[in-house]
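Fold and geometry: a report
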Amino acid sequence: MRRIRTTRSSALLRRRTPAAPGAAQPAARRTLRRSIAAALLLPTLVGGFALQAWSGRDGERVFHEVLSRVATQGLDSLSDAELYEKAARGLLVQIGDPYADLFSPEQLAEFSRQALRNSYVGVGMQITTVRDTALVTRVFLGSPAARAGVQRGDRIVRVGGESVVGLQLEQVTQRLLGVPGTTVEVDYIRHGTGGIHHSFVRDRIKYPSVAYSVMLEPGIGYVPLESFNDTSGEEVEAALVALRKSGAQAYVLDLRGNTGGSLDQAVRIASLFLHQGQEVLRADFRNAQDEVYTARYPGVVQDAPLVVLTDGESASASEIVAGALQDHDRAVIVGTESFGKGLVQDVFQLEGGWALKLTTGRWYTPSGRTIQRPRRMTPEGRLVVVPSDSAKPVFRSDAGRPVYGGGGVTPDVLETPDTLVGGERELMRLLAPRGALVNEVLQEMAVDLSPGTAPDFRSSAAWRADLRGRLERRGFRVDARAFEAGAPLIDRLLEGRVSEMAFGDSASFRRGVTRDRQLQAAVEVLRGAGTQTDALARAAARPARVPAGS
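As the structure is a prediction and not an experimental result, all values here were calculated from the model.

Moving on, we get to the environment of Val70. Assignment of secondary structure puts Val70 in helix H1 (residues 56–73). Here the alpha-carbon distance between Val70 and Asp80, two residues ten residues apart in the chain, equals 10.0 Å. When residues no more than four places from it in sequence are discounted, the contact partners of Val70 are Ser77 and Leu83.

As structure tokens, this is what we get:
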């Protein structure tokens, strides 16, 4: 039976395939996989049975007797396969491991494609639903869709000769996926052009984890990393090299919202900024030898000033990179505390393509701290943070700076994101309960408004009125006064969506740079810093913030 070692939510993944007799064991077959923490409902213990009092043989006998009775005499009988699956899933709930899971072959493939953003076989389009129709929001470079000239905003209406209007997004996606080299017929509609038909040859598609990279100002380059998939290290390295050629002498690595991915790629990305041989992390496993991961080769920008941005969604692989660079005084961490996921799971590959995930260990940063944030399962099945009044444990970086364990990576510069005030806050409160609808209508407007839009466009009162009218026609009425009081929020949302649809991700990003407090703090730390020591000194000179729990 094959095993893959992983942490869920941001999962630390390691392949444990036995080598052939006399063969050398593979050096590093690990991938860090992000987890999607699902809420698990803990069943009530009925009847007070003390299973721990049974012997193993008694428990096995009772289990098979119960299974047999349910299979043969239960009123609503299930197939043997369904019974075994439910029994297995029930066992995982009962053991109290909130990160345990059982994947069917289809669920495992979906997890790899959607959660980990690893490569898949398809045509290379990212889609969402607008007006009951699949809308193209991104076309991946070099994909069959890109070669065919598919554009953002194209609406997919037929796949394989059958209408897909009104289908759920995943149903449309499944029709586009397939085997390399096979063809799929797709009909789509383009604004101002009409219907287009194309026969796509499916190919292996790589999700870009670095959608773009830009110069924030002379000398400072910016790299946003969306995920740690199987090509992330290569993409980050290429972005750093390109920025250096453009004059970058300092860098911002943005890990905000990045919930994790491949461990190999986390080590590779940390290595881009470290010296060869420096430790990246240590991992302790149950019934297995502890392991140490180090930078495998000289860094590409190992001495240039660096800031890493984190927030509450930066998890696992993101925390490995941020924690290692902080411990080695190699980066200034700016933003808010990271998620705090330092547990390790094994993914056991089972018969028939199924897979089992179990928590089996814990990982540590080079200074020895765990960033695991204590959590517990409520009786309702929700995973919540356990509050603590105790001070965070203090560790020391290579240079002796205090770094903190006990719950996420604590930033060197604690900077909260933009906060809404007054009318904007009240409008956000009103919109939040219907967020999915608001998101869909914003995307709908972006499709309608983007054709012919000039790069320097601005939102207007007419656009805001249009948005409000569309929401009302969909059954969501928002008070007119509240809507106008929150006009700046609406303008930002509209400008961001229209800019992204018309001109791409980097254009949308540039519109928000001046309003991004965390990014501006990063620039202030790097501006004028000739070395990492300079950047750390500039960070230390900013007003002190006390980490939570201290």
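Under the counting rule described, the total for this entry stands at five aromatic pairs. Taking 5.3 Å as the distance between ring centres and 70° as the angle between the ring planes, the aromatic pair formed by Phe140 and Tyr207 counts as edge-to-face. Placement of the pair is Phe140 in the loop between strand S7 (133–139) and helix H4 (144–147) and Tyr207 in the loop between strand S12 (203–205) and strand S13 (214–217), with a sequence separation of 67 residues. Judged by relative accessible area, which is 7%, Tyr207 ranks as buried. Ring pairs connect the aromatic residues Tyr120, Phe140 and Tyr207, which therefore count as one cluster. A cation over an aromatic ring shows up here: Arg434 above the ring of Phe476, its NZ or CZ 5.3 Å from the ring centre. Taking the ring centre of Phe457 as reference, the NZ or CZ of Arg511 above it sits at 4.0 Å.

Across the eleven residues that make up helix H8 (residues 317–327), a large majority, eleven, are buried. Following H8 by one or two positions, Asp329 adopts a phi angle in the positive range, close to 55°.

This brings us to the layout of surface pockets. There is about 1,800 Å³ of room inside the largest pocket. Lining the largest pocket we find 49 residues, and of these Tyr212, Glu500, Ser508, Phe509 and Asp516 sit closest to its centre. Counting only elements with at least two residues in the lining of the largest pocket, the list comes to strand S6 (125–130), S7, strand S14 (220–224), helix H9 (422–431), helix H10 (435–449), helix H13 (487–503), helix H14 (505–512) and helix H15 (517–526). If one sorts the elements of the lining of the largest pocket by residue count, H13 sits on top with eight residues.

A word on the pairing of strand S8 (residues 155–159). In terms of residue burial, S8 counts as a mostly covered element, since four of its five residues are buried. Of the pairings in the sheet, the one linking S7 to S8 comprises two bridges and is antiparallel in character. Its bridge partner being in S8, Ala134 is matched across the sheet by Ile156. Taken together, the four bridges between S8 and strand S10 (residues 183–190) define a ladder with antiparallel strand orientation. Looking at S10, one finds that Arg155 is bridged to Ile189. Where S8 and strand S9 (residues 162–163) come together, two bridges link them in antiparallel fashion. Paired with Arg158 across the bridge in S9 is Ser163. Between S8 and S9, which pair antiparallel one after the other, the connecting turn spans two residues, and Gly160 there sits at a positive phi close to 65°.

Right, let's get into the nonpolar core. In a soluble, globular protein the nonpolar side chains are often hidden away together inside. If you look at the biggest cluster of nonpolar residues, it comprises 43 residues, and the most contacted ones within it are Leu253, Phe273 and Val308. For this core, the secondary structure elements donating two or more residues are helix H6 (232–245), strand S15 (250–254), helix H7 (263–271), strand S16 (279–285), strand S18 (306–310) and H8. In this view, Phe273 contacts Leu240, Leu253, Gly299, Val301, Gln302, Leu306, Leu325 and Arg330; residues no more than four positions away in its chain are not counted.

Another aspect to go through is the environment of Glu440. Position of Glu440 among the secondary structure elements: in helix H10. C-alpha separation for the pair Glu440 and Arg131, spaced 309 residues apart in sequence, amounts to 8.2 Å. Leaving out residues up to four positions away in the same chain, Glu440 has contacts with Thr129, Val130, Arg131 and Arg474.

Below, the discussion takes up the packing of H7 against H8. Between H7 and H8, whose axes approach to 9 Å, the crossing angle comes to 30°. Considering their axes alone, H7 and H8 lie roughly parallel with respect to each other. Crossing geometry of H7 relative to H8 is assigned as right-handed. Residue-level inspection shows Leu263, Ala266, Ile269 and Ala270 of H7 in contact with H8, the latter providing Ala317, Ile320, Val321 and Leu325. Considering only residue class, the contact of H7 with H8 consists of eight nonpolar, no polar and no charged.

Rules of the game
- Residues numbered from 1 in each chain as written.
- Predicted model: local features only at pLDDT ≥ 70, side-chain atom pairs only at ≥ 80, totals over all residues.
- Heavy atoms only, no water.
- Helix = DSSP H or I, 4+ residues; strand = E, 2+ residues; numbered from the N terminus.
- Contact = heavy atoms within 4.5 Å.
- Phe/Tyr/Trp six-rings, centres within 6.5 Å; stacked < 30°, edge-to-face > 60°.
- Buried < 20%, exposed > 50% of the residue type's maximum accessible area, 1.4 Å probe, protein only.
- Lys NZ or Arg CZ within 6 Å of the ring centre and 35° of its normal.
- 1 Å grid on protein atoms, 1.4 Å probe; cavity = no way out; pocket = protein on both sides within 12 Å on 5 of 7 lines; lining within 4 Å.
- Points joined across faces, edges and corners; volume = space filled by probe spheres on them.
- Pairing = 2+ DSSP bridges.
- Core = buried A, V, L, I, M, F, W, Y, C linked by side-chain atoms within 4.5 Å.
- Axes fitted to C-alpha atoms, helices over the stretch in contact; angles between N-to-C directions.
- Parallel < 35°, antiparallel > 145°, perpendicular 65-115°, else oblique.
- Left-handed = near helix turned anticlockwise from the far one by under 90°.
- Nonpolar A, V, L, I, M, F, W, Y, C, P; charged D, E, K, R; others polar.

That is the geometry; function is a separate question.
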